[in-house]
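Summary of the model geometry
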Amino acid sequence: METYRHDVAGDPVTVHVPQTRADLDAFRAWLTEAERRGPIALDTETTGLDVYSPGYRLRTVQFGDAFTAWVIPWERGPAFQSAARAALRRVPRFLIHNAPFDWAVLDAHAGVPLESLAPRTTDTRLKAGLLDPRQPQEGGIGTGLKPLSAYWVDPSAPDTQGDLTQVFRSLGLTKATGWAAIPLSNAIFALYAGLDVIYTARLDPVLTRELDRLGVRPTLVQYEHELARICTTMQRAGMVLDQDYVRELSASLTDEEHHFADVARRYGVENVNAPRQIAEALTGMGEHLGERTASGAVKVDKAVLSALADLSLQGERLHLRTPNPLAEAVIRSKRAGKWRSAYADTFLEVMDAQGRVHPFINSMQARTGRMSVTRPALQTLPSSDQMIRRALLADPGHVMISVDFSAIEMRVLAGLAGVARMKEGFLRGEDIHWFTARLVKGDGATEKDRKVFKGAGFSKVYGGGVRTAARQTGASEEAMRRAFAEYDRLYPEIKRASARWQREAFESGMVTVSATGRRLPLDRDRTYAVVNYQCQSAARDCLGQALLNIEDAGLLDMLKLPIHDEALLSAPREEAQDVARAVEKAMTFDLFGVPIVAEAEIGGRSWGSLYGADY
DNA sequence: TCCCTCACG
DNA sequence: ACGTACGTGAGGGAC
């Protein structure tokens, strides 16, 4: 047995690394005692983060309580694996920090299904996020094990991940190669692997106590665990990549990038991604660049360049001036380069041996609880045309179905703020912006009026002002000022709710509590954001409820992605109509007297087919 | 690591 | 006192 000793919050703790069969017997004996006393903390060390990439390996599985950790060297062979697997299958309660990662690892590489592990798991990261969802950059503790341990357990908790980077360097390894190559016998690696479970074990009771103290309901904690499981199920299924298409796409984008970079070079711009060079060259061509960035640099973003190129933001010719050829070349080269590297090449890089991509879905990422998707960031693929989304396919024999909530944030606002006349509009099944426009302008209301009141409505949801709303809609500031006044007259409850939410936040440590009991910290200098936080968060929980309803309808296996106000599914072609109707039903419910409704669109095999012609 | 830019809801 | 568009992930340059 290799044994390491350490001090955690003044207590001596022990980390064991079994080497022999007798050592494994000692582990089993400890586990039998420990699982009787309470939940067992669990963690894994692996070769990296891309769980589904070819060659990925599980290296160790760690079990522990507040005083003792066992680092089981999975990769050392069958005896170690069966001891770990038996423990994984038997222990009634596990504590995991960031459970979706370990669920995915153990499901894919240890033969312990997500369906078995998830119901036995408490995720300390989810609990910490419900206490305070802010990242360190936003003034929060963050949801990493290290900062949480340092805050709640022991201020001298080591940065186990960061310190290991140093160890990797001393061994001639890097952050990228270290996790796969470091010997299991490395003392710091083994000690830190063990300490992580000890910290997790100590974190959980503190977080439970704090959640209880602040009145966060256990049902909310449970709900988040269900959503995390559903999102990990989607990640495991992944999406089929059209590899031939992506390879051709990557090549053609490379051509476009280079062609327009050559054009830019003729005007003296060596690098189209260097704003300073572009500003200099354009100024040299006699262009006047008036706009500045926040830090005072000359602004040369797409809006500035498009105007010079005589193009709208959508790329249509405006016929307002002589197009500046450099501006157009920069726009096109940059766009092609970004689409290639961020999308096409990333798809190929992260796909598994079967040609599927498995995006990581963080079920509770944003301050408002909104979900995020990374590697690849499938929530932010270009939607202006189907070029990128065309690369992702429904399962074999399936078609893509997208089901969107209709005007979810406006409905949520009407419900949360109790906006009587707005509720009335929704109950009548009307388009809310037409409804508003007609309340003000009567039957003579025009498309333009609708646009102005839509802008006013968005401003309410985002906490925006007259000037921004005018800029966004293209209306004059005077017209927008009148629209705001009409809005406040028709729907006075919104201002009242905003004032109430801000007052309540001031009285409770700058935290506004959402309709589902979620704690949403407000920034002291922008309390107006409270309306947005309430709306965005409640809308997120509508999507969360929809995902639970979709699972209850037996359609979890068809789910592909959550996209804020949309569920994306892949369904057998001949069942598509039935599935679409069932998902619409799962996304239809009442929220404080406001009907929440959704509309399905059935596409073809590719996701892109929902954004243009079918393929 | 920060800043700028740009993709989405 | 007044007014403030919200939330993300990612690439690439400059330091």
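Being a predicted model, the structure only gives us computed values, none of them experimental.

This part takes up the nonpolar core. Phe63, Phe347, Met422 and Trp607 are the most contacted members of the largest nonpolar core, which has 183 residues in total. For this core, the element with the highest residue contribution is helix α9 (residues 187–213), accounting for 13 residues. When near neighbours in sequence (up to four residues on either side) are disregarded, Trp607 contacts Met239, Leu378, Leu381, Arg389, Leu392, Met400, Leu561, Ile563 and Leu568. Core analysis: the next-biggest nonpolar cluster, separate from the first, contains 18 residues, Ala309, Leu311, Leu326 and Ile331 among them.

Once that is clear, we can look at the packing of helix α18 (residues 447–462) against helix α22 (residues 530–552). Interhelical geometry of α18 versus α22 gives an angle of 95 degrees and a closest axis separation of 6 Å. Comparing their axes, α22 and α18 come out roughly perpendicular. Facing Lys460, Val461 and Tyr462 of α18, the residues of α22 in contact are Val531, Asn532 and Cys535. In terms of residue class, the contact of α18 with α22 is built from four nonpolar, one polar and one charged.

Ordered by their spatial adjacency, four strands build an open sheet running β16-β17-β13-β20, and the pairing between neighbours is antiparallel. Sheet topology places β16 (559–562) and β20 (598–602) at the edges, where each strand pairs with a single neighbour. With direction set aside, neighbouring strand axes in the sheet form an average angle of 20 degrees. The sheet contact formed by strand β13 (residues 398–405) and β20 spans five bridges and is antiparallel. The residue of β20 that forms the bridge with Ser402 is Glu601.

This next bit is on the pairing of strand β17 (residues 566–572). The element β17 is largely enclosed, with a buried count of seven among its seven residues. Two strands pair when backbone bridges link them, and β13 and β17 are joined in this way by seven bridges, in the antiparallel orientation. Directly across from Val403, in β17, lies its bridge partner Ala567. Note: β16 against β17, three bridges, orientation antiparallel. By the bridge assignment for β17, Leu559 is matched with Leu569. The hairpin turn running from β16 into β17, its antiparallel successor, is three residues long, and His564 in that turn takes a positive phi close to 70 degrees.

This brings us to the sheet that holds strand β9 (residues 356–357). Strands sit in the order β9-β8-β12 across an open sheet of three strands; the sheet is antiparallel. Pairing within the sheet leaves two strands with one partner each, and these edge strands are β9 and β12 (392–393). As judged from the two bridges shared by strand β8 (residues 239–241) and β9, these two strands associate in the antiparallel manner. Counted as the bridge partner of Val240 is Arg356 from β9.

Turning our attention to the layout of surface pockets. By volume, the largest pocket is sized at about 1,500 Å³. Lining the largest pocket we find 49 residues, and of these Gly48, Leu49, Asn98, Phe101 and Gln161 sit closest to its centre. In terms of residues, the lining of the largest pocket owes the most to one element, strand β3 (residues 40–46), which gives five residues. For the lining of the largest pocket, a count of residues per class yields 18 nonpolar, 22 polar and nine charged. Computed from the structure, the second largest pocket encloses a volume of approximately 640 Å³. Lining the second largest pocket are 23 residues; nearest its centre among them are Lys302, Leu313, Ile331, Arg335 and Trp339. It is helix α14 (residues 325–350) that provides the largest number of residues to the lining of the second largest pocket, a total of nine residues.

Let's shift gears to the protein's contact with DNA strand C. Neighbouring residues of DNA strand C: 30 residues in total, closest Asn271, Thr468, Arg526, Tyr528 and Tyr533. Counting only atoms of DNA strand C within 4 Å of the protein, the sugar-phosphate share comes to 72%. Arg375 places a polar main-chain atom, nitrogen or oxygen, 3.0 Å from a phosphate oxygen of DNA strand C. At 3.4 Å, a side-chain N or O of Gln472 approaches a base nitrogen of DNA strand C. Residue assignment for the surface near DNA strand C shows that the elements contributing at least two residues are α14, β11 (372–374), α18, α19 (466–473) and α22. A breakdown of the residues in the surface near DNA strand C according to their chemical character gives nine nonpolar, 13 polar and eight charged.

On to the pattern of salt bridges, then. Scanning all chains against the criterion turns up 49 salt bridges. Where Asp107 meets Arg236, a salt bridge forms, and the shortest distance between an N and an O atom there is 2.7 Å. One end of the pair, Asp107, is in helix α3 (residues 99–109); the other, Arg236, is in helix α10 (residues 218–237), with 129 residues separating them in the sequence. Relative accessible area serves as the criterion here: at 18%, Asp107 is assigned to the buried category. Classification of Arg236 as partly exposed rests on a relative accessible area of 25%. Here Glu257 and Arg340 are joined by a salt bridge, their closest N and O atoms 3.1 Å apart. A residue pair is termed long-range when its members are at least 10 positions apart, and Glu257 in helix α11 (residues 243–266) and Arg340 in helix α14 qualify at 83 residues. Put simply, Glu138, Arg367, Asp523 and Arg526 are held in one network by salt bridges that share partners.

What counts, and at which threshold
- Residues numbered from 1 in each chain as written.
- Chains lettered and ligands numbered in written order.
- Predicted model: local features only at pLDDT ≥ 70, side-chain atom pairs only at ≥ 80, totals over all residues.
- Heavy atoms only, no water.
- Core = buried A, V, L, I, M, F, W, Y, C linked by side-chain atoms within 4.5 Å.
- Buried < 20%, exposed > 50% of the residue type's maximum accessible area, 1.4 Å probe, protein only.
- Helix = DSSP H or I, 4+ residues; strand = E, 2+ residues; numbered from the N terminus.
- Contact = heavy atoms within 4.5 Å.
- Axes fitted to C-alpha atoms, helices over the stretch in contact; angles between N-to-C directions.
- Parallel < 35°, antiparallel > 145°, perpendicular 65-115°, else oblique.
- Nonpolar A, V, L, I, M, F, W, Y, C, P; charged D, E, K, R; others polar.
- Pairing = 2+ DSSP bridges.
- 1 Å grid on protein atoms, 1.4 Å probe; cavity = no way out; pocket = protein on both sides within 12 Å on 5 of 7 lines; lining within 4 Å.
- Points joined across faces, edges and corners; volume = space filled by probe spheres on them.
- Near = heavy atom within 4 Å.
- Polar contact = N/O pair within 3.5 Å; in protein donor to acceptor, adjacent residues only side chain to side chain.
- Salt bridge = Lys/Arg side-chain N within 4 Å of Asp/Glu carboxyl O.

Spatial relationships are all this shows, so hold off on functional conclusions.
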